[in-house]
Amino acid sequence: MPSQKKTAMFASAFCTCVFSFVMICVVLATQHWISSEVRFSVTNSSVTVSLTYGLFSGTCEQFADAGLQVSQQTFQVADNLSNTQAKSMITAIIVILVLSLLSSLLSSGFTCTNAVSNPYQTFLGPTGVYTWNSLCGIFILIAMILFPVNIGENGLSVQLARGCFSFVQTHIKSTHIYGYSYWIMLPIIFLNIASIIIIYFYEHARYTKKKEQERPIENAPKDVILF
């Protein structure tokens, strides 16, 4: 059976892994990744399309300079995208987040296993915990990078606005505000780092204690005589 200290440390790491798992679920389930105001020119006037969307769906509405407003409507992100590159990047982000979800789940399982047993000599030990937490953090970081790239390089918001209102013509400018569904990914990275740090401190303390118990005989008190 593991010591009380080990159980407490790995239980703490297990909690951070579970929080990470839940937050990744929130990231995938909510559709408030970004809010965009996209301005277009039309014949003798201009219109602004307001969008709020995530990886799967969103809402859009149109405002004209004359004060006219088209009622809000929902859309599916994949259906509104005609650009293959933008659609492929959205798919890639979803796949990466699913992989991070699986990594977080495995990390939770590994930390729980270590909290109730001593699998030090196998991958189920601290090595596995380090691996899965690192992979989860890396996947989340990649997703945080790819989404803004898709907005800037592929004009994701502009394409989705044109999908909502096909009559809009020349794009003038866009403004973007990233929502909570996007920023939640930042604390997920910190949670994975916290899990790694907790296990590292436990391993370091364990290693130090083991070294102290294995001190060479010359470090023994000089008044001790061995025969």
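Preceding this section is the structure that the text describes.
The shown structure was predicted, so the numbers you read here are calculated from the model rather than taken from an experiment.

What counts, and where the lines are drawn
- Residues numbered from 1 in each chain as written.
- Predicted model: local features only at pLDDT ≥ 70, side-chain atom pairs only at ≥ 80, totals over all residues.
- Heavy atoms only, no water.
- Helix = DSSP H or I, 4+ residues; strand = E, 2+ residues; numbered from the N terminus.
- Buried < 20%, exposed > 50% of the residue type's maximum accessible area, 1.4 Å probe, protein only.
- Contact = heavy atoms within 4.5 Å.
- Phe/Tyr/Trp six-rings, centres within 6.5 Å; stacked < 30°, edge-to-face > 60°.
- Pairing = 2+ DSSP bridges.
- Patch = residues over 30% accessible without salt bridge, like charges linked within 9 Å, V, L, I, M, F, W, Y side chains within 5 Å.
- Areas by Shrake-Rupley, 256 points an atom, 1.4 Å probe, with all protein chains shown as cover.
- Salt bridge = Lys/Arg side-chain N within 4 Å of Asp/Glu carboxyl O.
- Core = buried A, V, L, I, M, F, W, Y, C linked by side-chain atoms within 4.5 Å.
- Disulfide = S-S within 2.5 Å.
- Polar contact = N/O pair within 3.5 Å; in protein donor to acceptor, adjacent residues only side chain to side chain.

*Asks:* Any details on the overall build of the protein? Residues and values, ideally.
*Replies:* Looking only at helices and strands, the protein features 7 helices and 5 strands. Along its sequence from the N terminus, the protein presents helices and strands in the succession α-β-β-β-β-α-α-α-α-β-α-α. Counting across all 227 residues of the protein, residues that qualify as buried make up 41%. Of all intrachain contacts in the protein linking residues separated by at least 6 positions in sequence, the fraction that spans at least 24 positions is 69%.

*Asks:* Quick rundown of the packing of aromatic side chains? Include the residues and the values.
*Replies:* Applying the stated criterion across every chain, the model contains 11 aromatic pairs. Between Phe147 and Tyr178, the aromatic rings sit 6.3 Å apart at their centres with planes inclined by 70 degrees, giving edge-to-face as the arrangement. Of this pair, Phe147 sits in helix α4 (residues 126–153) while Tyr178 sits in strand β5 (residues 170–178), placing them 31 residues apart in sequence. For Phe147, a relative accessible area of 0% translates into the label buried. Assessed through its relative accessible area of 24%, Tyr178 is described here as partly exposed. These aromatic residues form a ring-pair network of at least three members: Trp33, Phe147, Tyr178, Tyr182 and Trp183.

*Asks:* How would you summarise the pairing of strand β3 (residues 57–64) if you had to cite specific residues and measurements?
*Replies:* It is a general feature of regular strands that their side chains alternate between the two faces of the sheet. Bridge count for strand β2 (residues 45–53) against β3 is 7 bridges, and the pairing is antiparallel. The partner of Val49 across the bridge, within β3, is Gln62. Between β2 and β3, which pair antiparallel and follow one another directly, the connecting turn spans 3 residues.

*Asks:* Explain a nonpolar patch on the surface to me, using residue names and the numbers behind them.
*Replies:* Judged by side-chain polarity, Trp183, Leu186, Phe190, Ile193, Ile197, Tyr200 and Phe201 come together as a nonpolar surface patch covering roughly 730 Å² of accessible area. In terms of residues, the nonpolar patch owes the most to one element, helix α7 (residues 185–213), which gives 6 residues. Along the polypeptide, Phe201 turns up in helix α7. When its relative accessible area of 52% is taken as the criterion, Phe201 is described as exposed.

*Asks:* Pulling in residues and values, what's your account of the nonpolar core?
*Replies:* Core analysis: the largest hydrophobic core is formed by 44 residues, its most contacted members being Tyr53, Leu97 and Phe147. At the level of secondary structure, the elements contributing two or more residues to this core comprise α1 (4–29), β1 (34–42), β2, β3, α3 (84–116), α4, α5 (156–164) and α7. Looking at this core element by element, the count peaks at 8 residues for α3. Ranked by size, the runner-up nonpolar core spans 8 residues in total, among them Ala13, Phe110, Val129 and Ile198.

*Asks:* Could you give an account of the state of the cysteines, with specific residues and numbers?
*Replies:* The tally for this structure, following the rule as stated, stands at 1 disulfide. Each sulfur of the disulfide joining Cys60 and Cys164 lies 2.4 Å from the other. Note on the Cys60 and Cys164 pair: the S-S dihedral is about -110 degrees, so by sign convention the disulfide is left-handed. Linking Cys60 in strand β3 with Cys164 in helix α5, this pair joins segments that are 104 residues apart in sequence. In this structure, Cys60 and Cys164 share a single accessibility class: buried. With no disulfide of its own, Cys136 lies closest to Cys17 among cysteine sulfurs, the gap being 8.1 Å.

*Asks:* Go over the side chain of Thr30, please, and point to the residues and values.
*Replies:* Here Thr30 is to be found in the loop between α1 and β1. Residue Thr30 is classed as buried on the basis of its relative accessible area, which comes to 18%. Polar contacts involving the side chain of Thr30 include one to the main-chain carbonyl oxygen of Val26, which spans 2.7 Å. There is a polar contact of 2.6 Å between the side chain of Thr30 and the side chain of Ser181. Setting aside anything within four residues of it in sequence, one finds Thr30 in contact with Tyr180 and Ser181.

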